[in-house]
Amino acid sequence: MAELSLPFESRYFPLKKFFDIYNRSIQEPEAFWAEQARQLDWFKTWDKVLEWEPPFARWFTGAQLNASYNCVDRHVKTWRRSKVAMYWEGEPGDTRVLSYSTLYGAVNRFASVLKNCGVGKGDRVALYLPMIPELPIFMLACGRIGAVHTVVFSGFSAQALADRINDAQVKLLVTADGGFRRGKVVPLKSIADEALTMSPSVERTIVVKRADVPISMKPSRDLWLHDLLDKAAPFVQPEPMASNDPLYILYTSGTTGKPKGVVHGTGGYLVHNYCAYKWAFDLKEESVYWCSADVGWVTGHSSIVYAPLSHGAAIVLYEGAPDYPTIDRWWDIIEKYGVTIFYTSPTAIRMFMGYGEEWVHRHDLSSLELLGSVGEPINTQAWLWFYRHIGGERCPIVDTWWQTETGGIMISPTPGIERLPLKPGSATLPLPGVDADVVDETGKSAPPEERGWLVIKKPWPGMLLSIHGDPERYRQYWSRFPGVYYTGDYAVKDRDGYFWILGRADEVLKIAGHRIGTAELEDAATSHPQVAEAAVASKGDPVKGESIVLFVRLKEGSTPSPGLKNELSEHMRGKIGPIATPDEVYFTTKLPKTRSGKIMRRVLKAVANNTSIGDVTTLEDEASVEEVVKAYQELKKA
Ligand code: PRX
């Protein structure tokens, strides 16, 4: 059992409150979570808090609730009906402010639009939209009628959009004519048109007018949202959903070429997020909460939509690039809306560090009370800069560790319970109810200060229900260390029991905090007609954390050239999107492989980073030391 060790408790004696809650949550998880769940509104309470048939967990079985009811209806019955739910700012500077009652009206009318388009409970709806109010409204509208949304990040290409639509068998797509990014219009509708030539399951497309640019509308398929809203009903009964009915599918990268559709349920997911944001961010109805992530990632789902709105807080949503048209755009937004909690990524912090703090000091950021970081390890320097210049040495930083699969925050300081001593670069301790550990290769707890694999030893409410259409892939999370959830991350626990996350232990990269599999990148590269073989490694990057280095062997008759390098980069952007752009491309006549054909990743990594091959373990590479060194030297020469 994961009681935190005594020396830790005695060292930080004032943390008694935290440990009382934490230890109880681990000793009596069902009673603990039942108590937490009562903070949400249920149409029917549960028969059982947890049904655990490893590796499948079902939370609050027999219960019924509705996500949109918990995010809007319950607020309009209180004083919050006239308080702000959302401050929205478009990149060109246009703004919209929605109260909870306006949001409620919009969610209902959008739900009616979906119903009038033939969408019902269980149908999948893809949302390929810029960061405009219509995106969260459509998510809530889907939840209201029991449809399952799948948000596709608006930076993904037509092919990536089509792959996701096809895997989820989406019935209806919502997109916009365009969205603003860095002063230009991203032509979302024309990208969607291209995707739809590959996606026969989509029957209807709803188009939001955002950028007011000319687009083509296919008469039998495409409909303008504003026309549909004219005929929409002002109220749609929220569908009573079983706690384990899916709320959404969100695609993320794994170790194979095919992204996985992570399925999240309704009851467990909402309970976990409601609690996590109260504990980690001390979130309250009076908070003005800005999470700068895109709604297209899990951070956006939980931290922009479901957690803050279930608390009745005000969210800030910003459409465009962080440093556009001037470098202080974000600081201007914080000052303008009086943001109290600001949640962002280490990559963004490092980018702003590079611009210098004078841009920050032009603004009054005294409304800020708390800062958060997510998505990748935060280095000490970035942590300190964030603490000093953004938080004015006043605001705690919550470094929150979690994943698309976990649904909600798992490891983080909990100032909402009790302020614990922070250590720059450590996500500190697991949240109540989260039984996290670092284990060695045999699955035993690793000793303090020793690197091991981060695992979660008990089910938690926000955990994924499954992988859409592929329960076998879901089982893999629980098979590397039988019976416990394997996160894919390396971590260390220090002598105080604090967790330090060291990065991915599998073939997944984190480029500017975005998760992308090497296999996905390699598949995209090899689909170019001149490429015979491709392999990807990452290189340390001072801003993005990691950047992509692509090694390619060309087909007979193809000649390496700078032009071909650019063409390959463009090709990868086209296949996946701008996040897949390699920073460097190397042509080679031979890729370093073991006898069984496995790519020697560490050789690639050493060459990409211009470091020595270091301590070579033959086990990991299935190759002898001599073979690895030879492959390294050959590749370096090439
Ligand atoms: O490697 C860890 C890293 O992000 C991965 C999960 O990525 P994704 O599913 O895209 O979700 C990101 C946002 C929730 C993890 O396996 N990661 C996330 N948060 C942190 C982190 N690494 C270090 N510190 C963090 N706080």
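Residues numbered from 1 in each chain as written. Predicted model: local features only at pLDDT ≥ 70, side-chain atom pairs only at ≥ 80, totals over all residues. Heavy atoms only, no water.

Topic: the pairing of strand β4 (residues 84–89)
Phase 1 of the analysis: In terms of burial, β4 is a largely internal element, six of the six residues being buried.
Phase 2 of the analysis: Strand direction decides the pairing type here: β4 and strand β5 (residues 95–99), joined by five bridges, are antiparallel. For W88, the partnering residue across the bridge sits in β5 and is R96.
Phase 3 of the analysis: Connecting β4 to the next strand, β5, in antiparallel fashion are five residues, including G93 with a positive phi near 110 degrees. (Buried < 20%, exposed > 50% of the residue type's maximum accessible area, 1.4 Å probe, protein only. Helix = DSSP H or I, 4+ residues; strand = E, 2+ residues; numbered from the N terminus. Pairing = 2+ DSSP bridges.)

Regarding the site of the ligand
Phase 1 of the analysis: Near the ligand, the surroundings consist of 17 residues, among which D399, T400, T404, D489 and R515 are the closest.
Phase 2 of the analysis: Within the backbone of E376, one N or O atom sits 3.4 Å away from a nitrogen atom of the ligand.
Phase 3 of the analysis: D489 places a side-chain nitrogen or oxygen 2.8 Å from an oxygen atom of the ligand.
Phase 4 of the analysis: In isolation the ligand offers 540 Å² of accessible surface; the protein chains occlude 95% of this area.
Phase 5 of the analysis: Going through the elements one at a time, α11 (298–311), β20 (397–400) and β25 (499–504) are the ones with two or more residues in the shell around the ligand.
Phase 6 of the analysis: When grouped by side-chain class, the residues that make up the shell around the ligand number six nonpolar, five polar and six charged. (Near = heavy atom within 4 Å. Polar contact = N/O pair within 3.5 Å; in protein donor to acceptor, adjacent residues only side chain to side chain. Areas by Shrake-Rupley, 256 points an atom, 1.4 Å probe, with all protein chains shown as cover. Nonpolar A, V, L, I, M, F, W, Y, C, P; charged D, E, K, R; others polar.)

Some remarks on helix α12 (residues 329–337)
Helical geometry: 3.6 residues make up each α-helical turn, so side chains three or four residues apart lie on a common side.
Phase 1 of the analysis: Taken together, the buried positions of α12 are R329, W330, W331, I333, I334 and Y337.
Phase 2 of the analysis: Looking one or two residues past α12, G338 carries a phi angle of roughly 65 degrees, positive in sign.

Re the confidence of the model for the protein
Phase 1 of the analysis: The pLDDT averaged across the protein works out to 94; a share of 95% of its residues lies at or above 70.
Phase 2 of the analysis: In the predicted structure, residues 1–10 sits below a pLDDT of 50 and forms 21 contacts with residues beyond four places in sequence or in another chain. (pLDDT = per-residue confidence, 0-100. Contact = heavy atoms within 4.5 Å.)

So, helix α4 (residues 67–76)
Phase 1 of the analysis: Among the ten residues that make up α4, ten are buried, leaving the element largely enclosed by the rest of the structure.
Phase 2 of the analysis: Three or more residues of α4 are buried, namely A67, S68, Y69, N70, C71, V72, D73, R74, H75 and V76.
Phase 3 of the analysis: Close packing links the buried residues of α4 with β3 (64–65), α5 (100–116), α6 (134–145), α10 (267–281) and α11.
Phase 4 of the analysis: The opening residue of α4 is N66, an N-cap whose side-chain oxygen sits 2.9 Å from the backbone nitrogen of S68.

Here's the deal with the nonpolar core
Phase 1 of the analysis: The biggest cluster of nonpolar side chains holds 170 residues, and the ones touching the most others in it are F60, L103, F138, I206, Y277, F281 and Y306.
Phase 2 of the analysis: Broken down by element, the residue count for this core peaks at ten residues, all from α10.
Phase 3 of the analysis: In this structure, A314, F352, F386 and I390 belong to the second largest nonpolar core, which totals 29 residues. (Core = buried A, V, L, I, M, F, W, Y, C linked by side-chain atoms within 4.5 Å.)

Observations regarding the packing of α4 against α5
When two helices pack together, their arrangement is given by the angle between the helix axes and by the axis-to-axis distance.
Phase 1 of the analysis: Interhelical geometry of α4 versus α5 gives an angle of 130 degrees and a closest axis separation of 9 Å. As the angle between them shows, α4 and α5 are arranged oblique. Note that α4 runs across α5; the crossing there is left-handed. Where α4 approaches α5, its residues S68, C71, V72, D73, H75 and V76 are matched on the opposing element by Y100, S101, L103, Y104 and V107.
Phase 2 of the analysis: Of the residues in the contact of α4 with α5, the class split is seven nonpolar, three polar and one charged. (Axes fitted to C-alpha atoms, helices over the stretch in contact; angles between N-to-C directions. Parallel < 35°, antiparallel > 145°, perpendicular 65-115°, else oblique. Left-handed = near helix turned anticlockwise from the far one by under 90°.)

What to know about the packing of aromatic side chains
Phase 1 of the analysis: For the coordinates displayed, the defined rule picks out 44 aromatic pairs.
Phase 2 of the analysis: Relative to W330, the ring of W290 has its centre 5.4 Å away and its plane inclined at 70 degrees; by these criteria the two rings are edge-to-face. Taken together, the residues W290 in strand β16 (residues 288–291) and W330 in helix α12 connect sequence positions 40 residues apart.
Phase 3 of the analysis: Pairwise contacts between aromatic rings join F32, W33, W42, W46, W59, F60 and W279 into one cluster.
Phase 4 of the analysis: Over the ring of W359 we find R362; its NZ or CZ atom is 4.1 Å from the centre of that ring.
Phase 5 of the analysis: The ring of W453 carries the charged tip of R480 above its face, separated from the ring centre by 4.9 Å. (Phe/Tyr/Trp six-rings, centres within 6.5 Å; stacked < 30°, edge-to-face > 60°. Lys NZ or Arg CZ within 6 Å of the ring centre and 35° of its normal.)

Quick word on the side chain of E89
Phase 1 of the analysis: For E89, the position within the fold is in strand β4.
Phase 2 of the analysis: Exposure remark for E89: the relative accessible area of 3% places this residue in the buried category.
Phase 3 of the analysis: Polar contacts involving the side chain of E89 include one to the side chain of Y337, which spans 2.6 Å.
Phase 4 of the analysis: If we ignore the near neighbours within four places in the chain, the residues touching E89 are D94, T95, L317, Y318, E319, R329, I333, K336 and Y337.

Looking at unusual backbone geometry
Phase 1 of the analysis: Omega for the bond connecting P54 with P55 falls within 30 degrees of zero, at 0 degrees, which places this linkage in the cis form.
Phase 2 of the analysis: Along the polypeptide, P55 turns up in the loop between β1 (48–53) and β2 (56–61).
Phase 3 of the analysis: Residues other than glycine seldom take positive phi values, yet A512 does so here, at roughly 50 degrees.
Phase 4 of the analysis: Note on placement: A512 falls in the loop between β26 (508–511) and β27 (514–517).
Phase 5 of the analysis: The exposure class assigned to A512 is partly exposed, which follows from its relative accessible area of 22%.

Details of the sheet that holds β5
Phase 1 of the analysis: Strands sit in the order β5-β4-β17-β16-β18-β19-β20 across an open sheet of seven strands; the sheet is mixed. Since the sheet does not close on itself, it has two edges, and those belong to β5 and β20, each with one partner. Across the sheet, the mean angle from the axis of one strand to that of its neighbour is 15 degrees, orientation sign disregarded.
Phase 2 of the analysis: As paired strands, β4 and strand β17 (residues 314–318) are joined by four bridges and run parallel to one another. Bridge pairing in β17 places M86 opposite I315.

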